[in-house]
Amino acid sequence: MLNYMKNRQIFRWYLLLLPTLWGILFLAGHLWQVNPEKGYHFSIMIWGLQASLMLLMIVLSGYFFSRMLIENKKVITVPNKAATKHLIIIPCFEEPIEVIQQSIESILKQTINAQHNIILNISFEAKSPNLNASKHTLKGKYETRFYLFNITVHPSDIENEIPGKCSNERFAVKQVLAMIHKLPHDFNLNHILLTVMDSDTLLHRRYLEYIAHDYESIPETIGENAIWQAALFYNWNLNQAPFFTRITALFRTIWMIGFNIPFQVHSMSVYSSSLTLCIDNDFFDPNYQMEDMHYFVSTMNTRKGKVRLRPVYLPVICGPTSGDNWQEELSEWHRQTKRWSIGAFEVFHYICTKAFNMGLMITSRLTLTMTLLYGIFQSIIFFATLIAIPIWHHYQHTNNPEIWYVLGLIPWIFIVWVFCIDSLFIHFFHLEKEKVGLLRNLIHICLTPFVLLSYNLISFISLHNLAINGKSVCKHDPSEKSHLNRLK
């Protein structure tokens, strides 16, 4: 038994979350039966925490969105020979070549000159299907359209690595650096920004311009310790997605711009940093699966807590989970939810192990925000409030009923707000093909509580799966993207 636990790395810091979460659920369901007054106040606390987080996300996401509308209207002329250059890494596995090409086209539409300022590396896996055909197609179409266009193939037999984006991107950056050092050019490593993006990403036309301008406008000590994070919207064929995929995607956007970025929780999917920060961080840790979350906290460790997320007030469109039919879509949604949750709890453990180097204040902030968002909000809050409903009915006519009505109304305001943000995004950013009718939106609003409860259940079970099986379940299962090539 001890060998089993040691080999699978069972004893990890996220185990502390289990008694905490179970304690909340138990008290929500039983405290009022033992001590009605304390049970009443505990239920108020649970409902109040949910309402407070939702109101906070409404305010902060509204601010972020308003800044996006302002920034989207700006027009800045960027010289061809801009001082800051860009290295972009796109890791790929089995995505359709059409999806990858659409992502590359969004880079070519940037307001900066690709042939003067962009190094693009497409990083496949050795086990990628149709590898040779994909390499041939991409080279033939894009080899001359960037300052440097390169394709790397990550071997599958490197020791002490787990399959995933971390190991893939680590290999890609190291290969590109070796090429850069051999080329006669004026690229200074201190003036190169690294951008990591998924293969199903449509960058805003001013994304690279924005981060370069910000990088050049701030002191070097701040720029070298910054990670730029844009708002992620999943409106890539999202209007055709089943309700559970669409609802989850809309909420992920609000979690990002209403909590993750404002509270400096972690980077997500598409982000940028100085190349020197990546090099000093020893690139990406190949022993972790969630490279975006882990990169932020590992650089925090490298820079002893000095790294900060800098918001990019521009949208980036990412592809949601997809499948060829309803059953495949549900399977992909479940797998992605499980992977996100396991990755988040694994990063929670990493934060705790680096507390001494990052400092008490930084570690406390990171663990608190991770616990609030992933441990409570995304794992048990909707179950906890549901369990506490009996005491609501017991007291609503005898003890401050107005409090319960307010706390019961706020979640619905939050849900409607999430759908309003999506409609406003589609309108102001001219995504007419993504429009959804009023009736379908109303149906999805009504179905949202069931999706969020299901999301809670999957996340909560994933934590137990991680606690029982340890590191062995921390692997990267790439999402299916075949449905996305039917768009645009």
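Residues numbered from 1 in each chain as written. Predicted model: local features only at pLDDT ≥ 70, side-chain atom pairs only at ≥ 80, totals over all residues. Heavy atoms only, no water.

## Digging into the layout of surface pockets
For the second largest pocket, the calculated volume is near 500 Å³. Mapped onto the lining of the second largest pocket, the elements with two or more residues apiece are α4 (97-108), β8 (308-318) and α18 (401-428). Tallied by class, residues from the lining of the second largest pocket come to 9 nonpolar, 6 polar and 4 charged. (1 Å grid on protein atoms, 1.4 Å probe; cavity = no way out; pocket = protein on both sides within 12 Å on 5 of 7 lines; lining within 4 Å. Points joined across faces, edges and corners; volume = space filled by probe spheres on them. Helix = DSSP H or I, 4+ residues; strand = E, 2+ residues; numbered from the N terminus. Nonpolar A, V, L, I, M, F, W, Y, C, P; charged D, E, K, R; others polar.)

## Considering the pairing of strand β1 (residues 85-91)
Counted residue by residue, β1 has 7 buried out of 7 residues, so it is predominantly covered. What you see with β1 is no split at all: K85, L87, I89 and P91 on one side and H86, I88 and I90 on the other are buried throughout. (Buried < 20%, exposed > 50% of the residue type's maximum accessible area, 1.4 Å probe, protein only.)

## Details of the nonpolar core
Core analysis: the largest hydrophobic core is formed by 156 residues, its most contacted members being I122, L138 and F284. Top element by residues in this core is helix α3 (residues 36-72). It accounts for 13 residues. If we ignore the near neighbours within four places in the chain, the residues touching I122 are I90, C92, I104, L138, F149, N150, I151 and T152. (Core = buried A, V, L, I, M, F, W, Y, C linked by side-chain atoms within 4.5 Å. Contact = heavy atoms within 4.5 Å.)

## Quick word on the pattern of salt bridges
For the structure on display, the rule yields 11 salt bridges. Between R206 and E209 there is a salt bridge; the shortest N-O distance is 2.7 Å. Each member of the pair, R206 together with E209, is buried. Of the charged contacts in the structure, one is a salt bridge between D214 and R310, with a shortest N-O distance of 2.7 Å. Taken together, the positions of D214 in helix α8 (residues 207-217) and R310 in strand β8 put the pair 96 residues apart, joining distant regions of the chain. The class for D214 is buried, based on a relative accessible area of 16%. Here R310 falls in the partly exposed class, since its relative accessible area comes to 23%. (Salt bridge = Lys/Arg side-chain N within 4 Å of Asp/Glu carboxyl O.)

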